[in-house]
Each structure stands twice: as C-alpha cells, then as structure tokens.
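Spelled out from the first residue to the last, the chains are:
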Amino acid sequence: MRIVFLKILYPLLALSSFINPFYGVIYYTFISVIRPEQLTYGTSSISGIFAIAIVSLFVASLVKGESLLASLKTAFFKNYFGFIGALCISTLISPYTDFTESMGSIYYLSTILQVMVFCLCLYAVLLRLVDIEIQRYVKLTVAFFLFMALWGVDQNIRGNALVEGLFGTSIIDRCAITGVFVLYLPVSIYFINKKDRIQKLFGFICFLIFMLLIMLTQSRAGFLGVCVTAMAVFYFSRRKLLLVSISAILLLITIPFIPDEYVNRIGEIKSQDVQGDDLTDYSSASRLLLWKVGAMVFASNPILGVGNMNFSKGSVKQASIVATNINQGLFDYTFGVDGKKGLSHTHNTYLNILVEGGILSAIPYFLLYLSPLWYGFKLNRKYKGQNIERLDLINMLNCGILGFMVTAFFANLILIDYIYWNLTLSYFLSHSFEVHLNTLTIQESKALDEAVVLQN
C-alpha cells in the first residue's frame, strides 16, 4: 500500500512545478537528498521519478517564463556547458564506451546532464526570488541533509559501521559521503551566527550531527577537508575570538563521541611505498598507484581523454606496464584478480576529469569551481569587515566548497550533484550582489547629478 501511495504521490509533487517552479526546485532537492529508494527501503519498484521531476521543472520554467536564457549567458553556465559538452564528445567518440551497458558511461553522462538542467532551472528561479525565499530554500536543503545525517547515525548504531551507502544507490563510497557533509558543515555555522534563537539552535544541531557523521565515516579525506574548512571559516570570521571559544566548547562536547577507530585511522595518515613488501595500508597505497596509472593514461590521451567512466577500460595497458615493479598484493587489490573487479576510477577528482575528459573538459570544469570562489574573494576584498548577511552566506558556501575540494583530491566526486548546487548558489549570490550594488551606485550617482542640477 505504501508503494502504491508513493507511486501516486511522487508524480503529483513533480507537477507542482507548474504551480510555481520554485516548488519544483524544492521537490527535486528533496528527492535528490532523501532518495525514493530510501523511503521504499531499497526497493526499485518506483521508476522514472527523476525523469518526471526534471522534465516537469524544465517545461514549467519555460512555460512560466523563468530566465533560462539569461542564466545560460552567465560565465558560470558557459563553463558548465563547456565542461559537459566536451565530456559528451570524448565519451561518444571513445573506443572504450560500451553503448549497451545499462549502468555505464552513457547512463552516468545522462545524470551529469540532468544535474546541469536542474542547476540551470535553479539559477533562473533564484533570479526572481527575494532574500527571504532564498533563505527558506537554503534552510530546507540543510534540513534535508540533517535528516540524512540522523539517518546515518541510526545506520551506524544498527551495524553499518562506516555509514556506507547512506544515500542509497546514488552515493555509496564513504569518502563521497563525508565530502557531502564537509560541503554543508560551514552552512550550519551560517545559521549559528544568526540572531534568531531558533535558527541558531538549528545551526548548532546541524553542526554537531554533521561533525558526528563525518567522524563515523572514519574518512581521512574528510578529516583533511574539515581542517581546511575550519581554517577558511576562521579566515572569514569577523569575531575570531568568539569563534575559537565556541569551537573549543563544541570540541569538548564531541570528544567523548569520537570513536577510537577514527582516532587511530587519522594517526595512520602517511605515504606508502607501492613497491615495498611491507605495505600496511592498501587504501592509501592504491590511491598512489591509481594516480600513477592515471597520469600515464592522461599522457596517452591528453586532449579528449578516454570518455566518461572509462578509466578502468582505458588503463589496462598502463596497468600492465607498472605491474612488474610493484607489490603484487597491492596490484591485485587495486585492479582486481580472479575475475574480481578492481577500482573503477582514479580516486582523485581532478586527475579523473583529465583522464576521462581530457584538457577540453578539465579546463571549464576547473573554472566552474574557481569562478564562484574568485567572485567571493573579490567581494570580500571590497567589503572587508562589513556586516553583510548575504556575504556571510557566500563565505560559508565557499568554505564548504574549499573543504569539499580537498576531500575530492582523494576520491572521484564528479558525479556528486550537491557540489554543483552550491557552486550555482554561490555564483548567483555573488553575481546578483554585485549587480545590485552597481545598480545602487548608478542610481546614487544619477540622484547626485540631479541634485547638483537643481542646486545650480
């Protein structure tokens, strides 16, 4: 009965886009975070939910006259379109692409396209929203992730020690999961800084649960991401002494909950010799080996790469070259043995886009990250020390992006749609903030000229 109810409910909620595309944005955000297979306890009996949601949102945005064309003209979406366009070309012409795979290169390429369409609709809708509606969207999004973090804690208590597969079939790897909560951790600090007590309490709860979830994954990449995020938050903070005091209190609260396994794992952070016989950490050693092989694959296909999700197929030759002079156990662990599959990507987002998309995809992909960060940096330099709430939100979004980028150095997070949401939101807030201030400056200048004329 529950499945029948959800089969009816999901399409009806998707059609809410035609009432107001903003509702469609919220609905798509909801099903992307709290995914349908989670509410059906793993069953795949409800299909086509995302297709219906994104088609409804896009068509409704066209019918309702949302500024899709104006959004496309921004530098951000020019980079976004360039990244995906080049990746599509490299995938379609790659000899390694298997068009018959049900969950292969083409399938995951379509999901990347889907995320871009959502980000385009999100940007177009944001253009007409007032600040209170933007705040509501951010609050709802963080609340959805708080629900997932609480679910993750429950999963851990029930026996899922590393909280793997928290986001269903969408995000399985713990490094990716911890990257998601590193991304939103500073946004919880944004709510902590609010004067409203309820929002402040909401921020504290989110911060504590997000931190707990990050620790439960026992991800060393997540630990490094949190460290960079903390430094970025400290840099942007106007009340550094208060921040240090609150951080110390929160640290004292969370220390008793830190698992011993997590502390031991962080203490194991070190480089490994992939050629030695005394390897103690195949996890980090396999990354070094994958990076080495990935660099060789990129050197052989520098312009267009080997195509989306084709690293494992395109690296066979290079892997056989290095096989003769590395630890055999490490090689089997990394590339598979006796019919078992090895690791399917380079475990480094930046190297992975170079390998699979080549330089033509990598340049706009890197600019996609850098443009919101650079925009935010310029605004901070111009309005340093001023208490501007929108700038605070921009800074916290960018702090999360920086932490995510560090985590992404140790995993392939190209398919994580949440990072594209925050990049879109950060760029929008910075761009609209600058346009608004420039408009005010022009109006003030005109008013001053008119006053001078009248005075004369």
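Residues numbered from 1 in each chain as written. Predicted model: local features only at pLDDT ≥ 70, side-chain atom pairs only at ≥ 80, totals over all residues. Heavy atoms only, no water.

Asks: I'd like a description of the overall build of the chain, backed by residues and values.
Replies: Along the backbone of the chain there are 20 helices and 0 strands. Among the 456 residues that make up the chain, the fraction classed as buried is 52%. Sequence-distant contacts, at least 24 apart, represent 78% of the contacts inside the chain between residues at least 6 apart. Total accessible area on the chain is roughly 21,600 Å²; 65% of this is exposed by carbon and sulfur atoms. (Helix = DSSP H or I, 4+ residues; strand = E, 2+ residues; numbered from the N terminus. Buried < 20%, exposed > 50% of the residue type's maximum accessible area, 1.4 Å probe, protein only. Contact = heavy atoms within 4.5 Å. Areas by Shrake-Rupley, 256 points an atom, 1.4 Å probe, with all protein chains shown as cover.)

Asks: Just give me the short version of a nonpolar patch on the surface, but keep the residues and values in it.
Replies: Residues Val4, Ile8, Leu12, Leu15, Phe18, Val55, Phe58, Val59, Leu62 and Val63 make up a contiguous nonpolar surface patch of roughly 880 Å² in combined accessible area. Residue assignment for the nonpolar patch shows that the elements contributing at least two residues are α1 (2-14) and α4 (49-63). Among the elements that line the nonpolar patch, the one with the most residues is α4, at 5 residues. Note on placement: Phe58 falls in helix α4. (Patch = residues over 30% accessible without salt bridge, like charges linked within 9 Å, V, L, I, M, F, W, Y side chains within 5 Å. Salt bridge = Lys/Arg side-chain N within 4 Å of Asp/Glu carboxyl O.)

Asks: Before we move on, could you go through the environment of Cys206 and cite the residues and values that matter?
Replies: By secondary structure assignment, the location of Cys206 is in helix α10 (residues 197-217). For Cys206 and Leu150, which are 56 residues apart along the polypeptide, the C-alpha to C-alpha distance reads 9.5 Å. For Cys206, the residues in contact, after removing those within four places along its chain, are Val142, Leu146 and Ser188.

Asks: Break down the nonpolar core for me, with residues and values.
Replies: Counting 120 residues, the largest nonpolar core has Tyr80, Phe83, Phe167, Phe181, Tyr418 and Tyr420 as the members making the most contacts within it. With 14 residues, helix α9 (residues 174-192) is the single largest residue contributor to this core. Among residues more than four places away in sequence, those in contact with Tyr80 are Val115, Met116, Cys119, Leu368 and Tyr420. Leu289, Ile326, Leu330 and Phe331 belong to the second largest nonpolar core, which has 15 residues in total. (Core = buried A, V, L, I, M, F, W, Y, C linked by side-chain atoms within 4.5 Å.)

Asks: Could you give an account of the environment of Ala70, naming the residues involved and the relevant values?
Replies: For Ala70, the location among the structural elements is in helix α5 (residues 68-72). For Ala70, a relative accessible area of 44% corresponds to the partly exposed category. Spatially, the C-alpha atom of Ala70 lies 9.9 Å from that of Leu120, the residues being 50 residues apart in sequence.

Asks: Help me get a handle on the pattern of salt bridges, residues and values and all.
Replies: Tallied over the full model, the rule gives 5 salt bridges. Asp131 is the partner of Arg390 in a salt bridge, and the nearest nitrogen-oxygen pair spans 2.5 Å. Linking Arg390 in helix α19 (residues 389-407) with Asp131 in helix α8 (residues 131-157), this pair joins segments that are 259 residues apart in sequence.

Asks: Report on helix α18 (residues 349-382), specifying residues and quantitative values.
Replies: Every α-helix carries 3.6 residues per turn, so stepping three or four residues along brings you back to the same face. With 34 residues, α18 extends only 32 Å from end C-alpha to end C-alpha; this falls clearly short of the ideal 50 Å at 1.5 Å per step. The sharpest bend along α18 measures roughly 130° and falls at Gly358. For α18, the N-terminal cap is Asn348; the gap from its side-chain oxygen to the backbone nitrogen of Tyr350 is 3.0 Å. (Expected span 1.5 Å × (residues − 1). Bend = angle between axes of the 7 residues up to and from the residue. Polar contact = N/O pair within 3.5 Å; in protein donor to acceptor, adjacent residues only side chain to side chain.)

Asks: Break down the packing of aromatic side chains for me, with residues and values.
Replies: Summed over the entire model, instances satisfying the criterion amount to 36 aromatic pairs. Put simply, the rings of Tyr28, Phe50, Phe118, Phe145, Phe167, Phe181, Tyr184, Phe210, Tyr418 and Trp421 pair up and form one aromatic cluster. Positioned over the ring face of Tyr375 is Lys378, at 5.2 Å from the centre of the ring. (Phe/Tyr/Trp six-rings, centres within 6.5 Å; stacked < 30°, edge-to-face > 60°. Lys NZ or Arg CZ within 6 Å of the ring centre and 35° of its normal.)

Asks: Tell me what's going on with the packing of α8 against α9, and back it up with residues and numbers.
Replies: Between α8 and α9, whose axes approach to 11 Å, the crossing angle comes to 125°. Classified by the angle between their axes, α8 and α9 sit oblique to one another. Two packed elements cross with a definite hand, and for α8 against α9 that hand is left-handed. Contacts from Gln135, Val138, Lys139, Thr141, Val142, Phe145, Met148 and Ala149 of α8 reach α9 at Val180, Phe181, Tyr184, Val187, Tyr190 and Phe191. (Axes fitted to C-alpha atoms, helices over the stretch in contact; angles between N-to-C directions. Parallel < 35°, antiparallel > 145°, perpendicular 65-115°, else oblique. Left-handed = near helix turned anticlockwise from the far one by under 90°.)

Asks: How would you summarise the environment of Met405 if you had to cite specific residues and measurements?
Replies: In this structure, Met405 sits in helix α19. The exposure class of Met405 is buried, given its relative accessible area of 17%. Spatially, the C-alpha atoms of Met405 and Val182 are 9.7 Å apart, while their sequence positions differ by 223 residues. The contact partners of Met405, leaving out residues within four places of it in the chain, are Tyr350, Tyr369 and Leu373.

Asks: Break down the packing of α8 against α10 for me, with residues and values.
Replies: With their axes 9 Å apart at the nearest point, α8 and α10 run at an angle of 40° to one another. For the element pair α8 / α10, the angle class is oblique. Between α8 and α10 lies a crossing of left-handed hand. Each of Lys139, Val142, Ala143, Phe145, Leu146, Ala149, Leu150, Gly152, Val153 and Asn156 in α8 lies in contact with α10, whose residues at this interface are Gln199, Phe202, Ile205, Cys206, Ile209, Phe210, Leu212, Leu213 and Leu216.

Asks: Please set out unusual backbone geometry residue by residue, giving values where relevant.
Replies: Most of the time, phi is negative for any residue but glycine, and the peptide bond is trans. For Val163, which is not a glycine, the phi torsion comes out positive at approximately 55°. Within the fold, Val163 resides in the loop between α8 and α9. On the basis of relative accessible area, Val163 is assigned to the buried category, the value being 0%. Residues other than glycine seldom take positive phi values, yet Gln218 does so here, at roughly 55°. By the secondary structure assignment, Gln218 is in the loop between α10 and α11 (220-236). Residue classification places Gln218 among the buried positions, given a relative accessible area of 13%.

Asks: An account of helix α17 (residues 328-335) is needed here, citing residue identities and associated values.
Replies: Looking only at α17, the buried set comprises Leu330, Phe331, Thr334 and Phe335. End-on view of α17: buried residues confined to an arc of 105°, all on one side of the axis. Within two residues after α17, Gly336 carries a phi angle of roughly 90°, on the positive side. (Arc of directions from axis to C-beta.)

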